[in-house]
Amino acid sequence: MMTEKIAIIGGTGLTQLSGPDIRQQGVIATPLGETSGQVCEGTWQGQEIVFLARHGHPHSLPPHHINYRANLLALQQLGVSAIIAVNAVGGIHADMGSGRIVIPDQLVDYTWGRESTFFDGKFKALDHIDFSHPYDAALRTRLLAAANQCELSVCDFGVYGATQGPRLETVAEIRRLENDGCDLVGMTGMPEAVLARELAIPYASVCLVVNPAAGKSDGEITMDEIRAVLAGGMEQVRQLLAATLSR
Ligand code: HPA
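Quantities reported herein were computed from a predicted structural model and do not represent experimental measurements. (Residues numbered from 1 in each chain as written. Predicted model: local features only at pLDDT ≥ 70, side-chain atom pairs only at ≥ 80, totals over all residues.)

A separate point is the environment of Glu169. For Glu169, the position within the fold is in the loop between strand 9 (159-162) and helix 3 (171-179). A count of 23 C-beta atoms within 10 Å places Glu169 in the buried class. Separated by 19 residues in sequence, Glu169 and Thr188 place their C-alpha atoms 14 Å apart. Among all residues touching Glu169, those that are not within four sequence positions of it are Thr163, Ile174, Val185, Ala213 and Ala214. (Helix = DSSP H or I, 4+ residues; strand = E, 2+ residues; numbered from the N terminus. Buried ≥ 20, exposed ≤ 12 C-beta atoms within 10 Å, placed from the backbone. Contact = placed C-beta atoms within 7 Å.)

If you want it as C-alpha cells, here you go:
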C-alpha cells in the first residue's frame, strides 16, 4: 500500500509549525541548489509529514530569491505524495477581508525573472505541460471537507494573482488585477504551483488574507496590521491542516 506523506510549505507567519513530532531536519542539497532552509520530517495526526518554511527560518528570503526549484525537487526526493502550500495574501474580492481563509481554484502569473520550469532544455528536455487547473481538485476537496468538519468558515473559490514583490502593489495595479479576474494577490504562489505540476505532485494552497489589497481600504497597508492578522489567522490555518491530515 502506498503510504501518504504530505508536505506543508509554510509562508509568511508560518516559518515553524507547532504540532508535528519532528524526528529529523536539515537543509537538503539538490542538483539545482539548496532548500530555503531546514526541511523537517516527522508525524502529525498519525501521518508522515514534511514541513518547509518557504522564506527560511527566520523569515529572510524575499519571494523573488526563493529557490522554488530546489524546494520542489527536495520534496520530490523525499517522496511526498501531496503538497499543501500556505500563503499570506492581500484580499481583492469583497468576500475576502482580513482574516479570511481561502482555498483558491485558479491563478494568474505576473511574476518575472524567476526560474520557473524544470523543462528548460538543460535540467530536463523542453516540454509543455497542461496547467488548465493549477490546483489539485481532490486535495482542494479534502481541505474544504476538513474545514467543514472543524466548522471553520473558508472561501471555496478564488483567483490568485502572483506578483513579483517584495513591494506591495499600487492601487492601479490592483485595479488591473481585479479587471483580470484576480480575487487575491500574493508573491509566492508562482512558480511553486507549476513546478509541483511539472513533477506531478498534487498541490493546493491555503491562503490567509492578511490585509485588504492596495486601494481596498482607506489607509496605507502596514506591517503591524499584517502581523496582527497573522497571529490569530495562522492558528486557524494550523487547525485546518491538522484536520486535513486526519481525514
Ligand atoms: N500584495 C501582495 N502580496 C501580499 C499582500 C499584498 O497586498 N499581502 C500579503 N502578501
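Moving on, there is more to tell.
Considering every residue of the protein chain, the mean pLDDT works out to 95; 99% of them sit at 70 or more. In the model output, the complex is listed with pTM 0.97 alongside ipTM 0.99. (pLDDT = per-residue confidence, 0-100.)

In the numbering used here, UniProt assigns the "domain: Nucleoside phosphorylase" (unreviewed entry) feature to residues 5-245. With 26% helix and 29% strand, the stretch residues 5-245 has end C-alpha atoms that lie 10 Å from each other. (UniProt positions renumbered as here; feature names shortened; annotations may be inferred.)

Right, let's get into the site of the ligand. Taken together, Ala88, Val89, Gly90, Thr163, Leu168, Glu169, Val185, Gly186, Met187, Val210, Asn211 and Ala213 are the residues near the ligand. Within the residue set of the shell around the ligand, elements represented by two or more residues are strand 5 (82-91), strand 10 (184-186) and strand 11 (203-212). In terms of residues, the shell around the ligand owes the most to one element, strand 5, which gives 3 residues. Residue composition of the shell around the ligand, by class: 7 nonpolar, 4 polar and 1 charged. (Near = placed C-beta within 6 Å. Nonpolar A, V, L, I, M, F, W, Y, C, P; charged D, E, K, R; others polar.)

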